[in-house]
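Residue-level listing of the chains:
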Amino acid sequence: VDELFDFNSEVEPILEVLVGKTLEHAMMEVLEEEELSAIRHHQEEFEQERNVERAQVQRLEAEAIRRNQERSRRIAQEKE
């Protein structure tokens, strides 16, 4: 049978391109998801460190306020 074209030989390069592009797109999505996951992880670490630092600053501020109040109380007692 003399056909206009050989289906298998004509379709194979098209399928190779489609499969290649599909795999490439899937790989890019996986890499993007991994990158986003890493970014979220780093952001969580940063926020934890920031919260620790914020708690330290609040503790130091409270300590400074207590020292100032104590100093003021002692000065007031000395004046009496």
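What counts as what
- Residues numbered from 1 in each chain as written.
- Predicted model: local features only at pLDDT ≥ 70, side-chain atom pairs only at ≥ 80, totals over all residues.
- Heavy atoms only, no water.
- Helix = DSSP H or I, 4+ residues; strand = E, 2+ residues; numbered from the N terminus.
- Rg over C-alpha atoms; globule rule 2.2 N^0.38 Å.
- Buried < 20%, exposed > 50% of the residue type's maximum accessible area, 1.4 Å probe, protein only.
- Areas by Shrake-Rupley, 256 points an atom, 1.4 Å probe, with all protein chains shown as cover.
- Lys, Arg positive; Asp, Glu negative; His and termini not counted.
- Charge placed at Lys NZ, Arg CZ, Asp CG, Glu CD.
- Salt bridge = Lys/Arg side-chain N within 4 Å of Asp/Glu carboxyl O.
- Patch = residues over 30% accessible without salt bridge, like charges linked within 9 Å, V, L, I, M, F, W, Y side chains within 5 Å.

1. Quick look at the overall build of the protein chain
- When its secondary structure is counted, the protein chain shows one helix and zero strands.
- Against the 2.2 N^0.38 benchmark of 12 Å for 80 residues, the protein chain shows a C-alpha radius of gyration of 35 Å, more extended than a compact globule.
- For the protein chain, the spread of C-alpha atoms along the three principal axes comes to 120 × 10 × 10 Å.
- The buried share among the 80 residues of the protein chain stands at 0%.
- In the structure as shown, the protein chain presents an accessible area of about 7,900 Å², 55% of it carried by carbon and sulfur atoms.
- Across the protein chain, the centroid of the 11 positively charged side chains sits 32 Å from that of the 22 negatively charged ones.

2. With respect to the pattern of salt bridges
- Counting across every chain of the model gives four salt bridges.
- Of the charged contacts in the structure, one is a salt bridge between Arg73 and Glu70, with a shortest N-O distance of 2.2 Å. Residue Arg73 and its partner Glu70 are located together in helix 1 (residues 7-79), separated by three residues, close to a single helical turn.
- On the accessibility criterion, Arg73 (40% relative accessible area) is partly exposed.
- A salt bridge links Glu70 to Arg74; the nearest nitrogen and oxygen atoms lie 3.1 Å apart.

3. What about a nonpolar patch on the surface?
- Where nonpolar side chains cluster on the molecular surface, the patch consists of Met27, Met28, Val30 and Leu31 and spans about 370 Å² of accessible area.
- Positionally, Met28 belongs in helix 1.

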